[in-house]
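Coordinates in review
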Amino acid sequence: MSAQAASPASQVPKKKIPIGLIAGILALIAVLLVPTPDSLPIAGHRMLAILVFAVVVWITEAVSYEASAIMVTTLMAFLLGTAPAVKNPEVLIGTSAAITMALQGFANSALALVAGALFIAAAMTFTGLDRRIALVTLSKIGTSTRRILIGAIAVTIVLSLVVPSATARSAAVVPIMMGVIAAFGVDKRSNIAAGIMIIVAQATSIWNVGIQTAAAQNLLTVGFMEKMLGERVSWAEWLIAGVPWSLIMSAVLIVVVLKMLPPESNEIAGGKEAVERELRELGPMTGPQKRLMAVSILLLLCWSTEKVLHNFDTTSTTYFGLVLLLLPRFGVMTWKDVQSRIPWGTVIVFGVGISLGSALLSTQAGQWLGNQVVTHTGLDHVSPLMIFGILSAFLILIHLGFASATALTSAMLPILISVLQTLPGDFNRLGMTMLLGFVVSYGFILPINAPQNMVCLGTETFTARQFAKVGILITIIGFALMMVMGMTYWRWLGLL
């Protein structure tokens, strides 16, 4: 009996320790074994070791982001807890104070905004309003191939305003566009189908740049601005700076896709009828959808008029909207309705990411690293535009190794802000931080570089090679456009 009971367990294959996790641990130990520089506190030295561990684990995806967040928290608790305090090296920081440092990101308003945004995105999916918005937008566009591609971008733009989650937007749009492709009778592996899906993925990243609440990494950037620079940019200020770039790149994306993936035909019969049929099947707009639409418009008005008509910050107004959505009778959902739709792992990673950046600052690791970068790269001898160009190119290259823009922001933005604070000269450090935050959304080259890319890749309408061909060109043009805007529009706004 015992032999039979033990048999199934013995057949379960033992999982090997991921190579990436081993590499991360070895990297952690290697940094710890390096002698601590005189100008760097021991706590700062240990924070750099933790940062290297986090970067290796995140790049290799050795474990889930949620698991890595718990590992980073534990490392901070014990390595910092047993290190001398920065202000008084005669005493140890202690594990109680260290774990508080590791969890301080969860008390940041940016984290609260992310959580609120995820609830609103879940409400969109729960009520089906996101699907209705997408179908109505498509029904107004037309059925030529060019118009369908424009429609895919139009849907992305509209949803970027009201669905504050890139993954949620792509998850809403992809089934609709697949239904359109099927209704058109287009082959799944045709250039038309590939072009539509690549545009959905790439346009999502493009509009993550233009709208502050469109992506978690933007909100993390705002959190770091507030923590490290003592101020932040409003939703409207971000929009004014980012939307022109996103609009131009949307047009560029259409041209690039049409050139690199020329459609087999210029007109698709029955397309409009298919979209209208799906709309009829949805029936009239429901009460919850009307109320959610009203709250979404109210939030847009509040976000866009911050510092103009009122001084209520984006987080506070978002939570007011969330209260309305959860109210009995008036609301559109209950906690039980949406709790399973919230990616809680994102919230955990976000909180730990803010803690990581804050700890790099409080242990002086970020400042020390910033000084090293400035001293050894000559950034202190170039113009603000060149500083932006060099740091942007660095972010674009290193993003190739990251599957999460949130993880990239957590690891790199505190260091880049420290670099900006170290640099001499009179330039707008807040503005340049926002512009570098734009570059974090450059997930154009590899499907693995952004969740929305992977959602679209899962439709099997295009290959990674097709995606990269379009993405490399979009990256080059996008970077060149940012440099041009840095010399003109952004300079006129005083951002550089």
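Calculation notes
Residues numbered from 1 in each chain as written. Predicted model: local features only at pLDDT ≥ 70, side-chain atom pairs only at ≥ 80, totals over all residues. Heavy atoms only, no water. Phe/Tyr/Trp six-rings, centres within 6.5 Å; stacked < 30°, edge-to-face > 60°. Helix = DSSP H or I, 4+ residues; strand = E, 2+ residues; numbered from the N terminus. Buried < 20%, exposed > 50% of the residue type's maximum accessible area, 1.4 Å probe, protein only. Lys NZ or Arg CZ within 6 Å of the ring centre and 35° of its normal. Axes fitted to C-alpha atoms, helices over the stretch in contact; angles between N-to-C directions. Parallel < 35°, antiparallel > 145°, perpendicular 65-115°, else oblique. Left-handed = near helix turned anticlockwise from the far one by under 90°. Contact = heavy atoms within 4.5 Å. Nonpolar A, V, L, I, M, F, W, Y, C, P; charged D, E, K, R; others polar. Core = buried A, V, L, I, M, F, W, Y, C linked by side-chain atoms within 4.5 Å. Domains from an automatic or database assignment.

**Remarks on the packing of aromatic side chains**
Enumeration over the complete set of coordinates arrives at 10 aromatic pairs. A ring pair is formed by W238 and F438, whose centres lie 5.2 Å apart and whose planes are at 70 degrees; its orientation type is edge-to-face. Of this pair, W238 sits in helix α12 (residues 235-260) while F438 sits in helix α21 (residues 429-439), and the two are 200 residues apart along the sequence. Like F438, W238 is buried. With a centroid separation of 5.7 Å and an interplanar angle of 20 degrees, the aromatic rings of F462 and F467 are classed as stacked. In this structure, F462 and F467 share a single accessibility class: buried. An aromatic cluster is defined as three or more aromatic residues linked by ring pairs; in this entry it consists of W238, F388, F438 and W490. Between R429 and the ring centre of F427, over which it is positioned, the NZ or CZ distance is 4.1 Å.

**Concerning the packing of helix α11 (residues 216-229) against α21**
In the contact formed by α11 and α21, the axes pass within 10 Å of each other and the chain directions differ by 155 degrees. The angle between α11 and α21 falls in the class roughly antiparallel. For the pair α11 and α21, the crossing hand works out as right-handed. From α11, N218, T221, M225 and L229 reach across to α21, where they touch R429, L430, T433, M434 and G437. A class-by-class count of the residues in the contact of α11 with α21 yields four nonpolar, four polar and one charged.

**Brief notes about the side chain of T459**
Note on placement: T459 falls in the loop between α22 (451-457) and α23 (464-487). Excluding its chain neighbours within four sequence positions, the residues that come into contact with T459 are V174, M178, K188 and M197.

**A closer look at the nonpolar core**
Core analysis: the biggest nonpolar cluster contains 166 residues, and W245, F388 and W490 have the highest contact counts within it. No other element matches the 13 residues that helix α10 (residues 191-210) contributes to this core. For this core, the domains that each give at least three residues are domain 1 (18-105) and domain 2 (109-340).

**Re the domain arrangement of the protein**
Here the protein is partitioned into domain 1 (18-105) and domain 2 (109-340). The distance between the C-alpha centroids of domain 1 and domain 2 comes to 37 Å.

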